[in-house]
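Fold and contact review
The lines below spell out each chain.
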Amino acid sequence: MSTVHLTIDNGVAELRLNNPAKLNALTETMLDALEDHCATIDRHGDIRCVLITAAGNRAFCVGADIHDWARLSPRDFGRHWIRRGHRIFDRIARFHVPSIAVLSGHAFGGGLELAAACDLRILSPDATIALPETGVGIVPGWSGTQRLARQVPPAVLKEMALTGRRLSAERAFSIGFANAVADDPAAEAGAMAAEICERSPAAVETTKYLLSASLDEDRGAMTEALGGALMAGSADKTEGVAAFSEKRKPNFGGREA
């Protein structure tokens with residue numbers, strides 16, 4: 001059985017971690033599946049929102065599976081494992097549609113970093129978040145010291161990263177990391193996804209690009225995506241493509257499509 005499921009229903013995609021026996025710890029196989037599913041979501045024109053959920057109620061994800069990364073050489077650990085996780089989480093952060101993480105139980109290390117890559121986060125009352133990496137002799141590697149630094153107050157992030165202390169759902173909400181704490185976080189996330197789906201798809205996508213650029217989430221790509229979309233809908237683009245095909249000089253009028 002796949003350890004990451006993708007379902008698409010009525011405009012909402014759900015990426016579900018399915019490794020509850022290991023508290024949804026991320027393995028190489030799961031990273032492969034996540035990357036493949038991200039490509040599917042990027043290509044799918046009817047998706048309006050993405051939910052990232054997990055099987056079981058003990059943990060959303062306790063991070064990277066230590067059995068997968070502990071055997072790697074220092075070079076492979078840095079060059080492949082760390083950079084690979086960044087590539088996949090960056091892709092989630094840069095989805096063209098909003099994403100919502102649904103957290104029950106523990107979200108530690110890479111699990112917390114996965115949640116941080118999403119736009120919104122809904123936590124169950126028993127959820128806890130933590131960066132335990134220094135306790136096993138490593139450092140946060142999938143943006144725990146970078147993206148999280150834009151989402152969590154510096155003093156709190158330092159407390160988490162340097163001591164490994166766990167934050168409760170209530171505290172995560174109080175510092176603005178969580179959007180809501182709900183007894184049924186899946187239902188709350190579903191309701192939020194439905195609200196997003198009711199709004200203008202073009203306006204939501206453009207707004208996400210603007211927000212991503214302002215938060216320095218791949219600002220260059222977001223800015224060029226906005227500019228590219230603007231020109232792709234222009235009469236000048238239509239005329240330029242036609243002139244190229246007809247091997248003639250274009251007659252640009254600067255008009256909208």
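Details of the structure are given in the entry above.
Note that the coordinates shown come from a computational prediction; the quantities given were computed from them, not determined experimentally.

**Remarks on the sheet that holds strand S8 (residues 128-130)**
Strands sit in the order S4-S6-S8-S9 across an open sheet of four strands; the sheet is mixed. Each having just a single partner strand, strand S4 (59-61) and strand S9 (167-168) make up the two edges of the open sheet. Sheet analysis places S4 next to strand S6 (residues 106-108), joined by two bridges and oriented parallel. Paired with Ala59 across the two strands is His106, which belongs to S6.

**Brief notes about the nonpolar core**
Formed by 52 residues in total, the largest nonpolar core has its most connected members in Phe60, Ile92, Ile129 and Phe177. Residues Ala180, Met192, Ala193 and Ile196 belong to the second largest nonpolar core, which totals 15 residues.

**A word on the packing of aromatic side chains**
Applying the stated criterion across every chain yields a total of three aromatic pairs. Here Trp69 and Phe77 contribute two aromatic rings whose centre-to-centre distance is 5.6 Å and whose plane-to-plane angle is 50°, an arrangement assigned as tilted.

**Quick notes on the pairing of strand S1 (residues 4-9)**
Here six bridges tie S1 to strand S2 (residues 12-17), and the two strands are oriented antiparallel to one another. Bridge assignment links Asp9 to a residue of S2, and that residue is Val12. Between the antiparallel neighbours S1 and S2 lie two residues, among them Asn10 with a positive phi of about 55°.

**A look at the sheet that holds S2**
Spatial strand order, S1-S2-S3-S5-S7-S10: six strands in an open sheet with mixed pairing. Only two strands of the sheet have a single neighbouring strand rather than two, namely S1 and strand S10 (180-181). The pairing of strand S7 (residues 120-123) with S10 spans two bridges and is classified as parallel. The partner of Ile122 across the bridge, within S10, is Ala180. Running at roughly 20° to S1, helix H1 (residues 28-43) makes contact with S1, S2 and strand S3 (49-54) of the sheet. Packed on one face of the sheet, helix H7 (residues 185-197) meets S2, S3, strand S5 (99-103), S7 and S10 and runs near 170° to S5.

The rules behind each value
- Each chain has its residues counted from 1, running along the sequence as written.
- Only residues with pLDDT of at least 70 are given local features in this predicted model, and only at 80 or more are side-chain atom pairs given and counted; all residues enter the totals for whole chains, interfaces and linings.
- Neither water nor hydrogens contribute to the side-chain values; these are computed over all heavy atoms in the structure.
- By this definition, two strands are paired if DSSP reports at least two bridges between them.
- In this description a helix means any DSSP run of H or I spanning at least four residues, a strand means any run of E spanning at least two, and both kinds are numbered starting from the N terminus.
- Here, nonpolar core means buried Ala, Val, Leu, Ile, Met, Phe, Trp, Tyr and Cys residues that are tied together by side-chain atoms lying within 4.5 Å of each other.
- Summary of the burial criterion: residues with accessible area below 20% of their type's maximum are buried, those above 50% are exposed, and those between are partly exposed, where the area comes from a 1.4 Å probe applied to protein chains only.
- Classification of ring pairs rests on two measures: the distance between centres of Phe, Tyr or Trp rings, Trp counted by its six-membered ring, which must be within 6.5 Å, and the angle between planes, read as stacked under 30 degrees, edge-to-face over 60 and tilted in between.
- Only heavy atoms enter the contact rule, under which two residues are in contact if any of them lie within 4.5 Å.
- The angle between two axes is taken between their N-to-C directions and runs from 0 to 180 degrees, where each axis is a line fitted to C-alpha atoms and a helix contributes only its stretch in contact.

None of this, on its own, says anything about what the molecule does.
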